[in-house]
Amino acid sequence: MSKKFRIYLTVLLLVSLNSTYVLANINADSNLTRVVKDEEIYLVEDYQRFKSSSRPKVAVALTGGGAKAFFNIGVIKALEEEDIPIDLIVGTSMGSIIGTMYGSGISIEQIEEIVTEAPFTNLLEMNFIDNDSFFETAKVNKFLENIAPYKRLEKFPIPTALLTLEVDSGHKYIITTDRISKVVQASYAIPHFFPLYQMEDKYFADPGILENSPAKAAKALGADFVIATTYTADKSHDSYETPNKIINRYVDIVSEKNNKRILNNYSDIIVEADISGYSFFDFSSAGELIEIGYQSTKDQISKLKVALKSKRIPLRKRVARKKLALDQEFNDIKYDRILVSSIIFNPVLHYGQDYSFFKQDLLRSYLNIPQYGFEFEKDKVDFKFLATNNVTNDLEAELRWKKLTQNTDLIAKTRIESNETDDGEIGIRYYEDNYFWSAGVGSINNNSYVFADAKYELGFNRLDLEGEIDLFFDEAAKVPKILISKKTVSKLSDSWLLKPKVVFNNSELIESPLIYRGSTPDDFSRFQFSLDYAYTHQFVKSIKLTKIIDIKDIGAYLFTDYLNDKESSLAYGVGFNGDFYLLGLKPFRLDCYLSYDQNNEESIIRANLNYNF
């Protein structure tokens, strides 16, 4: 018998004994193994670590689906409550992100807190460096690593694998090693939306169209029992008048067929959540999606326990996980202080409100002229440039050196006007959970001063309070000059909110935020008070204009405004507002109102479109 024939016979014997088999380590240095599962190749990192377990392994295969896949968190929450063992986590796309958080040691309660309370969308940047994707995701990846107790996948307390697709070969690739911030991108690199992941000369993309619920990948890693998640989503398609709609439907059909086949053949229990009505970018509905996943899993618990018992897999009490101190990481998102080594460059366009670096940002004046410029970020450097087409054609720049210390930044800004007056400030800003304060020196209109400012937010049961204070000390003034802005939201009932606002300004340096909705007040108005009585009952959850644009948070309100400057004025009226979301992000704010000014005895109709890009 020839040597070549013996090799063929051995391989054939392996196939007959087990449909999963290992051909070889394709590269000893990279610790990469080619694993064949039912004639399909998986390239697996550190494969032997997953095969070494002696007891039966229960795997959870977490589906992708963008924000919709937040229901996976509810699935894990229910499994924990019922003492269902989890020995292995395999994720696709958003399932990889959730699996990475849980596998690294974060408690399910804190994961729920992260996705419902952290401003996740602040981490996504429009990508203008190249045209490969809409979004730049370096901050997402860095944040996931920052919050994880273990930063490298191979150190995780629960073995975790990220399914991706190696584009050139077409093979599925399972990542089980390296730093989170480096590799998690590979599993959710959706073409056009998020950047492809590159490792040496290979490119990797989201494998969702081939295996959205990675049950087969879990079996390839040696799982004995697989709990797979999937979802039922909207299937309505009104028309196919554009090629893009046809392509999208084609992708959906292929993905659904592949996913159904994999679930039927490789999962032991399927948890299917009905999330019809939710979209890929519906990040604001995380709490609702988690509850759907939780209830869907509870419905399967009896069946799941019977199936585990039939395979002699015992239930297992889970050791409580330590609550992590994540305040710093939340603050870094909130105040845009996450450091990334890649270059982020974005054009800036504001319309509808004044975004001058020299004005307060708690309450912004309406400004129906464009402001435009750019922002550049790399490591600790954040540089912004802004031009305003006003009377003096202001040119402004702000340089922020992030993380001078853990809680402080250095901030310098300048403004050049056509009337040859140059303004500038430089100072240190200190950040805490619910406030920040700054101190430094500056000059406006040739008036030099020392300044201190602060911005805070507080919550009390049914009351939310935010405020901003600027103090100016110059040589001429015996007492400090001051600009104060405050706004409050008080929940009167499930349908009504009371929203008072106050502005006081005697600084004569910084213009007052204009909140009076009668005749246009003076730029340095001394005192303004506004009271909105807002009706928040949700007649419709959203209005879908196109596949990527939704109108949400539609509301109506009554208002009364008071102005006390050179003389007192009173205005009252009714208004409507709503947010236009592009891909679930970066909303346009539309505010329309009709007011009557008692002093001038005139009615005023205004529509303000605020776009902050």
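The structure displayed is predicted, hence computed values, not measured ones.

1. So, the overall build of the protein
Check the secondary structure of the protein and you find 13 helices and 30 strands. Relative to its 613 residues, the protein shows a buried fraction of 48%. The contacts in the protein between residues at least 6 apart in sequence include a share of 59% that link residues at least 24 apart. Summing over all exposed atoms, the protein offers an accessible surface of approximately 29800 Å²; the carbon and sulfur share of this is 55%.

2. Overview of the nonpolar core
Among the nonpolar cores identified, the biggest contains 76 residues, and Phe70, Met101, Ile114, Phe225 and Leu304 are the most heavily contacted of them. Not counting residues up to four positions away in its chain, the partners in contact with Ile114 are Met101, Ile106, Phe120, Phe143, Ile147, Leu326 and Phe330. Counting 23 residues, the second-largest nonpolar core is a separate cluster that includes Val35, Tyr42, Ala61 and Leu221.

3. So, helix H4 (residues 94-103)
What sets the pattern is the α-helix's 3.6 residues per turn: residues three or four places apart point alike. When you tally the buried positions in H4, you get 10 out of 10 residues, the bulk of the element. When H4 is considered as a whole, its buried residues turn out to be Met94, Gly95, Ser96, Ile97, Ile98, Gly99, Thr100, Met101, Tyr102 and Gly103. Once H4 finishes, Gly105 follows within two positions and takes phi at roughly 115 degrees, a positive value.

4. Considering the packing of helix H3 (residues 71-81) against helix H5 (residues 108-117)
Direction vectors running N to C along H3 and H5 enclose 160 degrees, while the axes themselves pass 10 Å from each other. The orientation of H3 relative to H5 falls into the category roughly antiparallel. Crossing hand, H3 versus H5: left-handed. Residues Ile73, Ile76, Lys77 and Glu80 of H3 form the contact with H5, whose own contacting residues are Ile108, Ile111, Glu112 and Val115. A class-by-class count of the residues in the contact of H3 with H5 yields 5 nonpolar, no polar and 3 charged.

5. Looking at the side chain of Thr230
By secondary structure assignment, the location of Thr230 is in strand S12 (residues 225-232). When its relative accessible area of 8% is taken as the criterion, Thr230 is described as buried. In terms of polar contacts, Thr230 uses its side chain to reach the side chain of Asn259, at 3.3 Å. Setting aside residues no more than four positions away along its own chain, Thr230 makes contact with Thr63, Phe71, Ser213, Asn259, Leu263, Ile270, Val271, Glu272 and Ala273.

6. Side note on helix H12 (residues 301-310)
Those residues of H12 lying buried are Ile301, Leu304, Ala307 and Leu308. Summarising the axial view, the buried residues of H12 lie within an arc of 125 degrees, below the 170-degree limit, and thus occupy one face. Turned more than 90 degrees away from the buried face of H12 sit Ser302, Lys303, Val306, Lys309 and Ser310, all of them exposed. Along its buried surface, H12 packs onto strand S4 (58-62), H3, S12, strand S13 (269-274) and helix H11 (286-298).

7. Focus: the UniProt feature "active site" (unreviewed entry) in the protein
As recorded in UniProt, the sites labelled "active site" (unreviewed entry) are Ser93 and Asp206. Across 114 residues in sequence, these annotated residues keep their C-alpha atoms within 6.1 Å of one another, forming a single compact spot. Inspection of the secondary structure puts Ser93 in the loop between strand S5 (88-92) and H4. The buried category is assigned to Ser93, whose relative accessible area is 5%. Those residues in contact with Ser93 that sit more than four places away from it in its chain are Gly64, Ser187, Tyr188, Ile190 and Asp206. Looking at where Asp206 falls in the secondary structure, it is placed in the loop between strand S11 (202-205) and helix H8 (208-211). The exposure class assigned to Asp206 is buried, which follows from its relative accessible area of 12%.

8. Quick notes on the environment of Phe143
Here Phe143 shows up in helix H6 (residues 138-147). The class of Phe143 is buried, set by a relative accessible area of 1%. Separated by 190 residues in the primary sequence, Phe143 and Ile333 place their C-alpha atoms 8.1 Å from one another. For Phe143, the contacting residues outside a window of four places in its chain are Ile114, Phe120, Leu123, Glu329, Ile333 and Ile338.

9. Examining the side chain of Ser507
Looking at the secondary structure, you find Ser507 in the loop between strand S24 (496-505) and strand S25 (527-535). Here Asn505 takes part through its side chain, which lies 2.8 Å from a polar atom of the side chain of Ser507. Among the polar contacts made by the side chain of Ser507, one reaches the main-chain amide nitrogen of Ile510 at a distance of 3.3 Å. The contact partners of Ser507, leaving out residues within four places of it in the chain, are Phe472, Lys481 and Ile482.

10. Re the environment of Ser285
For Ser285, the position within the fold is in the loop between S13 and H11. C-alpha separation for the pair Ser285 and Phe70, spaced 215 residues apart in sequence, amounts to 8.9 Å.

11. Let's talk about the pairing of strand S21 (residues 447-460)
Note that strand S20 (residues 435-444) and S21 share 10 bridges and pair antiparallel. Within the sheet, the bridge partner assigned to Val441 lies in S21 and is Val450. As consecutive antiparallel partners, S20 and S21 are separated by 2 residues, and within that stretch Asn445 has a phi angle of approximately 50 degrees, a positive value. Inspection of the sheet shows S21 paired to strand S22 (residues 463-473) by 11 bridges, in the antiparallel sense. Following the sheet pairing, Gly459 is matched in S22 by Asp464. Here S21 folds back onto S22, and the loop between the two strands holds 2 residues, one of which, Asn461, carries a positive phi near 50 degrees.

Conventions and cut-offs
Residues numbered from 1 in each chain as written. Predicted model: local features only at pLDDT ≥ 70, side-chain atom pairs only at ≥ 80, totals over all residues. Heavy atoms only, no water. Helix = DSSP H or I, 4+ residues; strand = E, 2+ residues; numbered from the N terminus. Buried < 20%, exposed > 50% of the residue type's maximum accessible area, 1.4 Å probe, protein only. Contact = heavy atoms within 4.5 Å. Areas by Shrake-Rupley, 256 points an atom, 1.4 Å probe, with all protein chains shown as cover. Core = buried A, V, L, I, M, F, W, Y, C linked by side-chain atoms within 4.5 Å. Axes fitted to C-alpha atoms, helices over the stretch in contact; angles between N-to-C directions. Parallel < 35°, antiparallel > 145°, perpendicular 65-115°, else oblique. Left-handed = near helix turned anticlockwise from the far one by under 90°. Nonpolar A, V, L, I, M, F, W, Y, C, P; charged D, E, K, R; others polar. Polar contact = N/O pair within 3.5 Å; in protein donor to acceptor, adjacent residues only side chain to side chain. Arc of directions from axis to C-beta. UniProt positions renumbered as here; feature names shortened; annotations may be inferred. Pairing = 2+ DSSP bridges.

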